[in-house]
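Each chain is listed here by its residues.
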Amino acid sequence: MAVQTVATPSDSTADLGPAAALSCRECGHRVPLGPVFACEECFGPLEIAYDFSAYDTEELRRRIEAGPASIWRYAPLLPVPADVAEKPNLNPGWTKLVKADNLARELGVTGGLYVKDDSGNPTHSFKDRVVAQALEAARAFGFTTLSCSSTGNLAGAVGAAAARAGFRSCVFIPHDLEQGKVVMAAVYGGELVGIEGNYDDVNRFCSELIGDPAGEGWGFVNVNLRPYYAEGSKTLAYEICEQLGWRLPDQIVIPIASGSQLTKIDKGLQELIKLGLVEDRPYKIFGAQAEGCSPVSTAFKAGHDVVRPQKPDTIAKSLAIGNPADGPYVLDVARRTGGAVEDVTDPEIVDAIRLLARTEGIFAETAGGVTVGVTRKLLQAGVLDPAKTTVVLNTGDGLKTLDAVAGTGLTATIRPTLDSFREAGLA
């Protein structure tokens, strides 16, 4: 395969914890751990297969609870060495699970509504989780440069993680991203390259670079390191369940970009069940997209198994992936769990951002507006059960997407006198 010709060979002595092999999601073919992402038999996506057979449930629970307040408390369940927390990295995770009672009242939820607020990560998005995983794989396989194709948040996360760990970074983004995300990605001192086109164009370019000698020694976190990178999203599932008292949520609403976050959260929930850390009972997973980039939602509503690419046109640029790699697997998860995939318009996204800020003091970026907006829409349609425990994901900080709420500003401008204060109706 061309994408593998310049990859650094797998090091059989690399310590990747309980990771046992790479397994094809389509045909089950296994290959040794290494910087590869596509099956040599059927070209399906590869993912990590583990050996958890030696774990005792209660001992594992105690080990997790005694661990650091980061994703590394779950090191026994991730493709990382046991001493990962001692290495130079950003230590993301263990973000707040906010009991959103005010928002629940506004939406009519009676069974408990929670917001998993990942804006508290080091670069203020959930991408710090997945990059932390990819960084450890890059160390194991001897890469010297960290790279990615990004809609914004990932670029910043890669730049920060590389700076902390002493790697070179060179990341690629669409040329017209929100300025806040451009500045945040550039400030860490790595190379930031704008590509004329949308995210899918950027991703295609990166795939070509991997197959060229110019890409030798480069670890693309979401391409040739993707099987490891994607495992970072499982930690959201682990944290949510632990923060709920080792209990599965009844319903969870997740934004869809590539779809990997949603499928890996489901994988994490299934692992917790198999390990006996949570009770095995039904849960439903719902996907959220912007109407201006809704290939998975469109396929779900039409009853299709194939996700047809779309050209993105939405303010939710972090979700603007018109050809999502995990789209078909998202459909599988939503249907298997009894969930759904829905979308909302740009005005509904903005309204939902303001709703979450007004009710819970959480300023979400546009992706969070998508998730809250879809939650409201599904409740109104009777698809989400208001009497069930529901978790909604906010994956990034609203300070990165200020343009979306640009009309928000001063209530009034007054003279520095009490009379002026009263005349403005503020008393």
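Described below are features of the structure shown in this document. (Residues numbered from 1 in each chain as written. Predicted model: local features only at pLDDT ≥ 70, side-chain atom pairs only at ≥ 80, totals over all residues. Heavy atoms only, no water.)

### Points about the overall build of the protein
We count it as follows: The way it works is that DSSP assigns letters per residue, a run of H or I at least four long becomes a helix, a run of E at least two long becomes a strand, and they are numbered from the N terminus. Note that the radius of gyration is over C-alpha atoms, with the globule rule given as 2.2 Å times the number of residues to the power 0.38. Any residue under 20% of the maximum accessible area for its type is buried, any over 50% is exposed, and the rest in between are partly exposed; the area is computed with a 1.4 Å probe on protein chains only.
On a plain count of helices and strands, the protein comes out with 14 helices and 13 strands. Compactness check: the protein gives a C-alpha radius of gyration of 21 Å against a globular reference of 22 Å for 427 residues, within 12% of the reference. C-alpha atoms of the protein, sized along the principal axes, occupy 75 × 45 × 45 Å. In the protein, which comprises 427 residues, the share counted as buried stands at 59%.

### Here we look at the nonpolar core
Stated precisely, the cut-off is as follows: We call a set of buried Ala, Val, Leu, Ile, Met, Phe, Trp, Tyr and Cys residues a nonpolar core when their side-chain atoms join them within 4.5 Å. Whether two residues are in contact is decided by their heavy atoms, any of which lying within 4.5 Å being enough.
In this structure, Tyr228 and Val370 are the most contacted members of the largest nonpolar core, which totals 121 residues. Residue contributions to this core peak at nine residues, all from helix α3 (residues 127–141). Every residue in contact with Val370, bar those within four places of it in the chain, is listed here: Ala288, Gln289, Ala290, Ala316, Leu319, Val344 and Ile349. Counting ten residues, the second-largest nonpolar core is a separate cluster that includes Phe172, Ile195, Ile210 and Trp218.

### Quick word on the pairing of strand β3 (residues 46–50)
Note the cut-off: Strands are treated as partners if at least two bridges between them are detected by DSSP.
Among the five residues in β3, five count as buried, and that is most of the element. Bridging between strand β1 (residues 19–24) and β3 involves five bridges; their strand directions are antiparallel. Bridge pairing in β3 links Ala21 to Ala49.

### Brief notes about the packing of aromatic side chains
Two aromatic rings are characterised by how far apart their centres lie and by the angle between their planes. To keep things clear, this is the line we draw: For Phe, Tyr and Trp, where Trp contributes only its six-membered ring, two rings pair if their centres lie within 6.5 Å, and the inter-plane angle classes them as stacked under 30 degrees, edge-to-face over 60, or tilted in between. Here, a charge over a ring means that NZ of Lys or CZ of Arg falls within 6 Å of the ring centre while also lying within 35 degrees of the ring normal.
Tallied over the entire structure, the rule returns seven aromatic pairs. Ring plane angle 25 degrees and centroid distance 5.7 Å describe the contact between Phe52 and Tyr55, whose orientation is recorded as stacked. Exposure remark for Phe52: the relative accessible area of 16% places this residue in the buried category. Arranged with centres 6.5 Å apart and planes meeting at 25 degrees, the rings of Phe172 and Trp218 form a pair that is stacked. Here Trp218 lies in strand β9 (residues 218–220) and Phe172 lies in strand β7 (residues 168–174), a separation of 46 residues in the sequence. Using a relative accessible area of 10% as the deciding quantity, one classes Trp218 as buried. Aromatic ring contacts, followed pair by pair, group Phe172, Phe205, Trp218 and Phe220 into a single cluster. Over the face of the ring belonging to Tyr329 we find Arg25, whose NZ or CZ atom lies 4.2 Å from the ring centre. Against the face of Tyr74 rests Arg73, its NZ or CZ located 6.0 Å from the ring centre.

### Details of the sheet that holds β7
Under the convention used in this document: Working convention: axes come from line fits to C-alpha atoms, limited for helices to the stretch in contact. Angles between N-to-C directions cover 0 to 180 degrees.
Strand order in the open sheet made by the four strands is β8-β7-β6-β9, with parallel pairing throughout. Here the strands that pair on one side only, and so sit at the sheet edges, are β8 (191–195) and β9. Between one strand axis and the next, the sheet turns through 20 degrees on average, direction left out of account. Alignment of strand β6 (residues 145–149) against β7, held across five bridges, turns out to be parallel. By the bridge assignment, Thr145 is partnered in β7 with Arg168.

### Thoughts on the side chain of Ser420
Along the chain, Ser420 falls in helix α14 (residues 418–423). Judged by relative accessible area, Ser420 falls into the buried class, the value being 5%. Apart from residues no more than four positions distant in its own chain, Ser420 is found in contact with Ile414 and Arg415.

### A short note on the pairing of strand β10 (residues 251–255)
In plain terms, the rule: Think of it like this: strands point away, you trace from the first strand over the helix to the second, and a clockwise trace means the crossover is right-handed.
Within β10, five of the five residues are buried, leaving the element largely enclosed by the surrounding structure. Residues Gln251, Val253 and Pro255 of β10 are buried on one face, and the alternating residues Ile252 and Ile254, pointing to the opposite face, are buried as well. Examined bridge by bridge, β10 and strand β11 (residues 284–290) share five bridges and lie parallel to one another. Along β11, the bridge assignment pairs Val253 with Phe286. Handedness of the β10-helix α9 (residues 260–274)-β11 crossover: right-handed. Relative to strand β13 (residues 390–394), β10 runs parallel, the two being bridged by three bridges. In the strand pairing of β13, Ile252 is matched with Val391.

### Side note on the packing of helix α10 (residues 295–302) against helix α11 (residues 327–337)
Note the threshold: For this classification, under 35 degrees means roughly parallel, over 145 means roughly antiparallel, 65 to 115 means roughly perpendicular, and everything else is oblique. Crossings are sorted by hand: turned counterclockwise from the far helix by less than a right angle, the near helix makes the crossing left-handed, and turned clockwise it makes it right-handed. Three categories are distinguished: nonpolar for Ala, Val, Leu, Ile, Met, Phe, Trp, Tyr, Cys and Pro, charged for Asp, Glu, Lys and Arg, and polar for the others, with Gly belonging to the last.
For the pair α10 and α11, interaxial distance at closest approach is 10 Å and the crossing angle is 50 degrees. Classed by the angle they form, the pair α10 and α11 counts as oblique. The chirality of how α10 crosses α11 is right-handed. The residues of α11 that touch α10, namely those facing Val296, Ala299 and Phe300, are Gly327, Val330, Leu331, Ala334 and Arg335. Of the residues contributing to the contact of α10 with α11, the split by class is six nonpolar, one polar and one charged.

### Overview of a nonpolar patch on the surface
Note the threshold: The patches described consist of residues with a relative accessible area above 30% and no salt bridge, like charges being joined within 9 Å and nonpolar side chains (Val, Leu, Ile, Met, Phe, Trp, Tyr) within 5 Å. The accessible surface values rely on the Shrake-Rupley method and a 1.4 Å probe; as for residues, cover is taken only from the protein chains in view. Every case where a carboxyl oxygen of Asp or Glu lies within 4 Å of a side-chain nitrogen of Lys or Arg is listed as a salt bridge.
A cluster of nonpolar side chains, Ile414, Leu418, Phe421 and Leu426, forms an exposed patch at the surface whose accessible area comes to about 330 Å². Locating Leu418 in the fold gives a position in helix α14.

### Some thoughts on helix α5 (residues 179–186)
Rule in force here: Directions drawn from the helix axis to the C-beta atoms are what define this arc.
All buried positions along α5 are accounted for by Lys181, Met184 and Ala185. For α5, the angular spread of buried residues about the axis comes to 100 degrees, placing them on one side. As for α5, its buried residues are in contact with α4 (153–165) and β8.

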